[in-house]
Every structure is written in structure tokens, then in C-alpha cells.
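The primary structure of each chain is shown beneath.
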Amino acid sequence: MSAPKTTTHLEILRLLRDRQGCFVSGTALAQRVAISRPGVWKHINRLKQMGYEIESRSGLGYMLVAVPDSLAPGEIVSNLTTRWLAHNYHHLETIGSTNDYALILAAKGAPNGALVVAEQQTKGRGRLQREWMSSPSRGIYLSLLLKDPLPVSVAPQSSYIGALALVKMLREQFAVPATIKWPNDVLINGRKVAGILTEMQSDQDFSRFCVVGIGINVNHSREEMAGPFRYPATSIALETGCAVKRQTVLLEFLSRFEHEYERFLDLGLLALLPEIEKYTEMMGKTITVVCGNREIIGEAHGISSEGALLLMREDGSQESVWAGDVVRIEGAL
Ligand code: BT5
């Protein structure tokens with residue numbers, strides 16, 4: 001006997017979606033997916049548990065009334081506008097960290113552009129193993145696997161591409177004043193709405209792959225965003241004043257990312273720097289950066305073509321900062 005298909009509920013969903021707003025009889029569904037009518041009922045219940053609103057009426061059958069804001073493949077993959085990004089799509093209800101999962105997929109030979117997205121993370125992490133708060137179904141927790149071999153000094157610049165894509169998408173779709181906080185945060189009105197963690201594996205000179213992990217606060221409440229965090233936090237919903245469809249955020253972000261990443265591969269970071277600098281929160285301001293146990297105070301006046309933050313100290317000396325945390329920005333929250 002062949003094993004029962006695990007995708008039957010998705011086939012039923014597709015049939016209901018094709019006729020959304022109309023009833024489809026149980027007999028028709030049963031025939032189309034080649035199972036019994038009680039079998040159809042079982043799968044309808046499964047879809048309801050997944051959050052689909054389905055009305056059942058005797059004599060008429062089933063009607064799809066509303067779909068949940070889930071990031072399940074059935075809601076995303078057929079709506080992707082990307083050419084190669086995220087077509088290899090891994091959706092998980094709960095995972096420790098999507099970056100860890102993507103690193104495992106990479107080791108198993110997953111293709112370039114594979115995406116891991118989770119509804120919830122139990123061990124979401126930022127840099128230096130800091131915790132990333134990833135509450136269920138409110139945010140987007142994703143990791144992109146990028147396999148283009150890049151010089152090891154260039155591969156980490158993928159973080160900038162994530163930040164630039166996100167800032168442009170937030171400005172265009174949600175009309176919010178999103179900015180980049182060097183090196184890996186996206187802010188709205190001075191509060192952190194997203195963080196990026198890029199990890200890579202390399203040979204001596206070239207990367208073998210990069211995993212760009214991004215956590216976006218989408219529908220988090222004011223209480224959740226109260227922290228305690230190192231920097232004030234916010235969500236897209238708090239900044240726009242209304243609940244936001246995560247599906248839209250994810251689809252629009254992926255499309256933007258693919259576009260910006262291809263520009264980066266073709267033209268290099270240098271070509272994207274004017275835009276990155278334009279959107280970087282702290283340009284022209286005096287900031288305090290903590291690098292390990294050093295604290296540097298200076299005016300941020302640019303980003304180098306290799307991705308370092310350029311600072312001018314009070315005594316006129318210049319410093320290129322490669323990694324660190326900006327803990328204060330003059331005039332910020
Ligand atoms: C980051 O690190 O901001 C990178 C976060 C990357 C998270 C994504 S989620 C998908 C993928 N899978 C993972 O496991 N990680 C990536 P960093 O700059 O080190 O900032 C971390 C700090 O941000 C924490 O120490 C908190 O203070 C603060 N924080 C934690 N959760 C937050 C949230 N949801 N919103 C705003 N700030 C948060």
C-alpha cells in the first residue's frame with residue numbers, strides 16, 4: 001500500500017482557493033484528490049487548525065472564507081515575484097534558529113537562494129550570541145542561503161544588501177522613514193525594527209556560502225517592544241498604526257533583496273554606497289561606537305568601499321571601524 005500523501009490538504013486548499021467565495025461540494029473535492037468524503041472532512045479540519053476559515057454547509061460543501069497570515073509555502077511560493085530567490089522554500093513552525101537550519105541545509109547541498117522562514121524561534125540569535133526575541137507569528141524570522149563565491153572580505157557586505165533592501169521596501173510599501181543603523185540594524189523613527197546576522201563559511205580566499213539571517217518586527221505590540229533591549233525597539237504595526245500582513249512584507253522584501261543583491265554582484269558595494277549612505281541614520285552626526293573594550297567617539301562621515309564605517313575624531317584623525325555597536329547617536333532617542 002502506498003503511504004498517504006502529505007500534501008492532500010494543500011491540494012484541497014488550492015481547489016477551494018480557485019473558487020474562493022463559492023461552495024465546492026465534498027464529492028467534487030473527494031473526486032479531484034482521489035480520497036473518500038470523510039477523508040476530505042479530515043483535511044478540511046487540518047486546514048482549519050492551520051488558521052484557514054472554511055465554511056461548511058450541508059448540501060453545498062465547503063467555501064474558503066479567509067486565509068491566515070501564515071508564511072506557509074501555500075501562501076508564499078506561488079506569489080513569489082523573484083526569479084531565483086526563495087524558490088527552494090523551507091517553512092517551519094518552530095525552530096531554534098533559522099540561521100542554524102540554513103547552515104545545515106547548506107552542508108547538505110541546498111541550492112543558491114534557498115530560504116528558511118519560521119513562525120517562531122526558540123534560540124534566535126544576534127551577533128556575539130545575543131538573544132533575538134522571536135515571538136510566534138508576529139514577526140518574520142528568515143535566513144537566505146547565498147552561494148556565489150565572493151572574496152572573504154566582500155561576503156559580509158551582504159548584510160548591507162539586506163539592510164538596503166529592507167529600508168527601501170519599508171519606505172515604498174509602508175511610507176515609513178526607515179533608516180540603516182550601521183552595521184546591521186534597520187530603524188524606524190530611531191527605533192530598531194529589524195536586525196541582520198550574516199554568517200559564512202569560506203576557504204582561504206573565497207566564501208563557500210553566506211547565510212543572511214534577518215529578524216523583522218512586524219505586528220509586535222508596544223508591551224513586547226518595551227524590551228529590555230540594548231536599543232529602543234519597534235514594529236512595523238506600531239509605526240504605521242495598523243496590523244500589517246506578514247505575507248506582503250516577506251514577498252516584497254524578497255523581491256527587493258534579489259534586485260539589490262544582483263546589483264551588488266554585478267557592480268560591487270561601491271555602486272550601492274551612495275544609497276546606503278543616504279539612508280544611514282548617523283551620517284554627519286557624532287556617535288559613540290563600542291568595539292570590544294574600546295569606545296570610539298567621532299563624527300560618522302561615510303562608509304568605505306570595503307564596508308568600514310569612517311569616523312573623524314575630535315582631534316581630526318580618521319578611523320575606519322570594521323565591527324562594533326553604535327551605542328549613542330547625537331540627538332537620537
Ligand atoms: C542583530 O544582532 O540585530 C541580529 C538579529 C538577527 C536575527 C535573525 S532572526 C532570523 C535569523 N536567525 C537567527 O537566529 N538570527 C537571525 P545584534 O545587533 O547583536 O542585536 C541583538 C540585540 O538586539 C539583543 O541583544 C537585544 O538587545 C536586541 N533585540 C533582541 N530581540 C529584538 C527584537 N525583536 N527587536 C529589537 N531588538 C531586539
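The structure displayed is predicted, hence computed values, not measured ones.

Enquirer: Honestly, the overall build of the protein chain in this entry has me stumped. Any pointers?
Expert: Along the backbone of the protein chain there are nine helices and 14 strands. Overall, the C-alpha framework of the protein chain stretches about 85 × 45 × 30 Å when taken along its three principal axes. The 333 residues of the protein chain split such that 50% are buried. Just so you have it, the protein chain exposes about 15,800 Å², and 51% of that area is on carbon and sulfur atoms.

Enquirer: Quick question: what am I supposed to make of the layout of surface pockets here?
Expert: In this approach the atoms are scanned with a rolling probe the size of a water molecule, which exposes any empty space left behind. Here the largest pocket is characterised by a volume of approximately 710 Å³. Taken together, 36 residues form the lining of the largest pocket, with Gly-126, Arg-130, Glu-131, Trp-132 and Lys-192 sitting closest to its centre. When residues of the lining of the largest pocket are traced back to their parent elements, those giving at least two are helix 5 (98-107), strand 5 (140-146), strand 8 (191-202), strand 9 (207-216) and strand 14 (325-329). Taken together, the residues that form the lining of the largest pocket break down as 15 nonpolar, eleven polar and ten charged. Here the lining of the largest pocket gathers at least three residues from each of two domains, domain 2 (73-279) and domain 3 (286-329).

Enquirer: Help me out: how do you make sense of the site of the ligand in this one?
Expert: Not every one of the 27 residues close to the ligand is listed here, only the nearest: Ser-97, Arg-125, Arg-130, Lys-192 and Arg-230. In this structure, Thr-98 approaches the ligand through a side-chain N or O atom, which is 3.0 Å from a nitrogen atom. Within the backbone of Arg-230, an N or O atom sits 2.8 Å from an oxygen atom of the ligand. Summarising the interface, the protein chains cover 96% of the accessible area of the ligand, which totals 790 Å² for the free molecule. In a pocket analysis with a 2 Å cut-off to the grid points, the ligand is assigned to the largest pocket. Among the secondary structure elements, those contributing two or more residues to the shell around the ligand are helix 5, strand 5, strand 8 and strand 9. Examining the composition of the shell around the ligand, we find that four residues originate from one element, strand 8, more than from any other. For the shell around the ligand, a count of residues per class yields eight nonpolar, twelve polar and seven charged.

Enquirer: Help me understand the sheet that holds strand 13 (residues 318-321) in this model?
Expert: The pairing of strands in a sheet happens through backbone hydrogen bonds and is either parallel or antiparallel. Ordered in space as 13-12-11-10-14, the five strands form an open sheet in which the pairing is antiparallel. For this open sheet the edge positions go to strand 13 and strand 14, each flanked by a neighbour on one side alone. For this sheet the average axis-to-axis angle between neighbouring strands, irrespective of direction, equals 45°. Pairing of strand 10 (residues 286-291) with strand 14, which is carried by four bridges, proceeds in the antiparallel orientation. By the bridge assignment, Ile-287 is partnered in strand 14 with Ile-329.

Enquirer: Would you mind going over the packing of helix 6 (residues 158-174) against helix 8 (residues 246-267) with me for this structure?
Expert: Each packed pair of helices is defined by two parameters, the angle between the axes and the distance between the axes. Remark: helix 6 packs on helix 8, axes separated minimally by 8 Å, with the N-to-C direction vectors making an angle of 130°. The angle between helix 6 and helix 8 places the two elements in the oblique class. For helix 6 against helix 8, the interelement crossing comes out right-handed. Between helix 6 and helix 8, the residues in contact are Ser-158, Ile-161, Gly-162, Leu-164, Ala-165, Leu-166, Lys-168, Met-169, Glu-172, Gln-173 and Phe-174 and Thr-248, Val-249, Glu-252, Phe-253, Arg-256, Phe-257, Glu-260, Tyr-261, Arg-263 and Phe-264, respectively. The residue inventory of the contact of helix 6 with helix 8, partitioned by class, reads eleven nonpolar, four polar and six charged.

About the cut-offs
Residues numbered from 1 in each chain as written. Predicted model: local features only at pLDDT ≥ 70, side-chain atom pairs only at ≥ 80, totals over all residues. Heavy atoms only, no water. Helix = DSSP H or I, 4+ residues; strand = E, 2+ residues; numbered from the N terminus. Buried < 20%, exposed > 50% of the residue type's maximum accessible area, 1.4 Å probe, protein only. Areas by Shrake-Rupley, 256 points an atom, 1.4 Å probe, with all protein chains shown as cover. 1 Å grid on protein atoms, 1.4 Å probe; cavity = no way out; pocket = protein on both sides within 12 Å on 5 of 7 lines; lining within 4 Å. Points joined across faces, edges and corners; volume = space filled by probe spheres on them. Nonpolar A, V, L, I, M, F, W, Y, C, P; charged D, E, K, R; others polar. Domains from an automatic or database assignment. Near = heavy atom within 4 Å. Polar contact = N/O pair within 3.5 Å; in protein donor to acceptor, adjacent residues only side chain to side chain. Sits in = over half its atoms within 2 Å of the grid points. Pairing = 2+ DSSP bridges. Axes fitted to C-alpha atoms, helices over the stretch in contact; angles between N-to-C directions. Parallel < 35°, antiparallel > 145°, perpendicular 65-115°, else oblique. Left-handed = near helix turned anticlockwise from the far one by under 90°. Contact = heavy atoms within 4.5 Å.

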